[in-house]
Amino acid sequence: MRIDVLTVLPGLFDCFLKEGVIGKAISSGKVEVKVHNIRDFTTDKHRVVDDVPYGGGPGMVLKPEPIFRAYDELTKEGEKPYVLLTEPWGEKFNQEMAVELSKKPRLMIICGRYEGVDERVKSLVDREVSIGDYVLTGGELPAMVIMDAVLRLIPGVLGNLESLRADSFSDRGLLGYPNYTRPAEFRGMKVPEVLLSGHHKKIESWRKEQSLRKTLERRPEIIENLKRKGLLTKEELE
Ligand SMILES: COc1cc(COC(=O)c2cn[nH]c2)cc(-c2cccnc2)c1
């Protein structure tokens, strides 16, 4: 997968693209992520990327020309990217969307900022995406959240075991099961016996029961949703 990011603050991505699973996926060549400074696509001396809104009102708006110039330059050759715009009132990002996006060969993420982007930029956009009902100073963190959730789903990016665990639960939106590691007792708190039993079938059913219970307690709508879609087995429903 290739991802092109358009932003006025490219430096925000430096650590994200170097560290951890994402950093390894890029350095190993499994995925390609290029961050582009929208300012590099301006033509005036002051490299202006924003301007005051027509009709008045507070703040500034990202100008269309630099973004269109970047889009034209980056789409001259190769596959046309699926274009996302990160903004507070977009479609809510979730695991389902992460799975869908992970299947695209090429993404472009335009990071909104200020009061927003000129509406004409949306003619380039396939999906306006929000990571939540709150307003941030820029769309760069949402872009990193989206890339993290999407890139970890690319085959080979995660170690096998981890990706296997993710498939069985998170892709149905169920909350994860409790995790423990050594020591078996810590400050009077013991690891549940079943996890020390080495009985894999019992451990698996305990984990599934814990995951369903936690989801029912905290996010009952996810259970209802899975029931409606017939995605819960008979024993899971008991
Ligand atoms: C594209 O335009 C934007 C983008 C952002 C940054 O993104 C988010 O906040 C976000 C993205 N997912 N969840 C939150 C902020 C505004 C904005 C609007 C009004 C007042 N102040 C700022 C506009």
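If you're wondering where the values come from, they're calculated on a predicted model, not measured in any experiment. (Residues numbered from 1 in each chain as written. Predicted model: local features only at pLDDT ≥ 70, side-chain atom pairs only at ≥ 80, totals over all residues. Heavy atoms only, no water.)

(A) The arrangement of the packing of helix H8 (residues 200–218) against helix H9 (residues 220–228) in detail. Interhelical geometry of H8 versus H9 gives an angle of 115 degrees and a closest axis separation of 5 Å. Taken together, the axes of H8 and H9 lie roughly perpendicular to each other. Where H8 approaches H9, its residues Leu212, Thr215, Leu216, Glu217 and Arg218 are matched on the opposing element by Pro220, Ile222 and Ile223. The residue inventory of the contact of H8 with H9, partitioned by class, reads five nonpolar, one polar and two charged. (Axes fitted to C-alpha atoms, helices over the stretch in contact; angles between N-to-C directions. Helix = DSSP H or I, 4+ residues; strand = E, 2+ residues; numbered from the N terminus. Parallel < 35°, antiparallel > 145°, perpendicular 65-115°, else oblique. Contact = heavy atoms within 4.5 Å. Nonpolar A, V, L, I, M, F, W, Y, C, P; charged D, E, K, R; others polar.)

(B) Fine view of the packing of aromatic side chains. This model, assessed by the stated rule, comprises zero aromatic pairs. One cation-aromatic arrangement involves Lys104 over Tyr82; the distance from NZ or CZ to the ring centre is 4.1 Å. (Phe/Tyr/Trp six-rings, centres within 6.5 Å; stacked < 30°, edge-to-face > 60°. Lys NZ or Arg CZ within 6 Å of the ring centre and 35° of its normal.)

(C) Region of interest: the packing of helix H4 (residues 95–102) against helix H5 (residues 140–151). At a closest axis distance of 8 Å, the pairing of H4 and H5 adopts a crossing angle of 70 degrees. Considered as vectors, H4 and H5 are oriented roughly perpendicular to each other. In the crossing of H4 with H5, the sense of the turn from one axis to the other is right-handed. Listed contacts from H5 to Ala98, Leu101 and Ser102 of H4 are Ile146, Ala149 and Val150. Looking at the contact of H4 with H5 residue by residue, the classes come out as five nonpolar, one polar and no charged. (Left-handed = near helix turned anticlockwise from the far one by under 90°.)

(D) Structural detail: the sheet that holds strand E1 (residues 2–7). Strand order in the open sheet formed by five strands is E2-E1-E6-E5-E7, with parallel pairing between adjacent strands. Either end of the sheet is taken by a strand with one partner, and the two such strands are strand E2 (32–37) and strand E7 (127–130). Strand-to-strand, the axes of this sheet are offset by a mean angle of 30 degrees, without reference to chain direction. For strand E5 (residues 82–92) and E7, the ladder comprises five bridges, and the chain directions are parallel. Residue Glu91 lies in a different strand from E7, and its bridge partner there is Val129. Sitting on the sheet, helix H3 (residues 64–74) touches E1, E2, E5 and strand E6 (106–111), and the angle it makes with E1 is about 160 degrees. (Pairing = 2+ DSSP bridges.)

(E) Examining a nonpolar patch on the surface more closely. Taken together, the side chains of Tyr134, Leu136 and Leu141 define a hydrophobic patch exposed on the protein surface, amounting to about 290 Å² of accessible area. On the secondary structure map, Leu136 appears in the loop between E7 and H5. According to the relative accessible area criterion, Leu136 is partly exposed, its value standing at 37%. (Patch = residues over 30% accessible without salt bridge, like charges linked within 9 Å, V, L, I, M, F, W, Y side chains within 5 Å. Areas by Shrake-Rupley, 256 points an atom, 1.4 Å probe, with all protein chains shown as cover. Salt bridge = Lys/Arg side-chain N within 4 Å of Asp/Glu carboxyl O. Buried < 20%, exposed > 50% of the residue type's maximum accessible area, 1.4 Å probe, protein only.)

(F) Expanded view of unusual backbone geometry. Residue Pro183 is bonded to the preceding Arg182 through a cis peptide linkage, with omega at 5 degrees. A positive phi angle, near 50 degrees, is found at Arg47, a position not held by glycine. Mapped onto the fold, Arg47 is located in the loop between E2 and strand E3 (50–51). Positive phi values are uncommon outside glycine, yet Arg187 reaches one of about 50 degrees. Within the secondary structure, Arg187 sits in the loop between strand E8 (185–186) and strand E9 (189–190). We classify Arg187 as exposed; its relative accessible area is 75%.

(G) Broad picture of the site of the ligand. Neighbouring the ligand are 18 residues, the closest being Tyr114, Gly116, Ile131, Tyr134 and Leu136. Take Ser130: an N or O atom from its side chain is 3.4 Å from a nitrogen atom of the ligand. Expressed as a share of its isolated accessible area of 520 Å², the protein-covered part of the ligand is 90%. In terms of residue count, E5 provides more of the shell around the ligand than any other element does, four residues in total. A per-class count over the shell around the ligand returns eight nonpolar, seven polar and three charged. (Near = heavy atom within 4 Å. Polar contact = N/O pair within 3.5 Å; in protein donor to acceptor, adjacent residues only side chain to side chain.)

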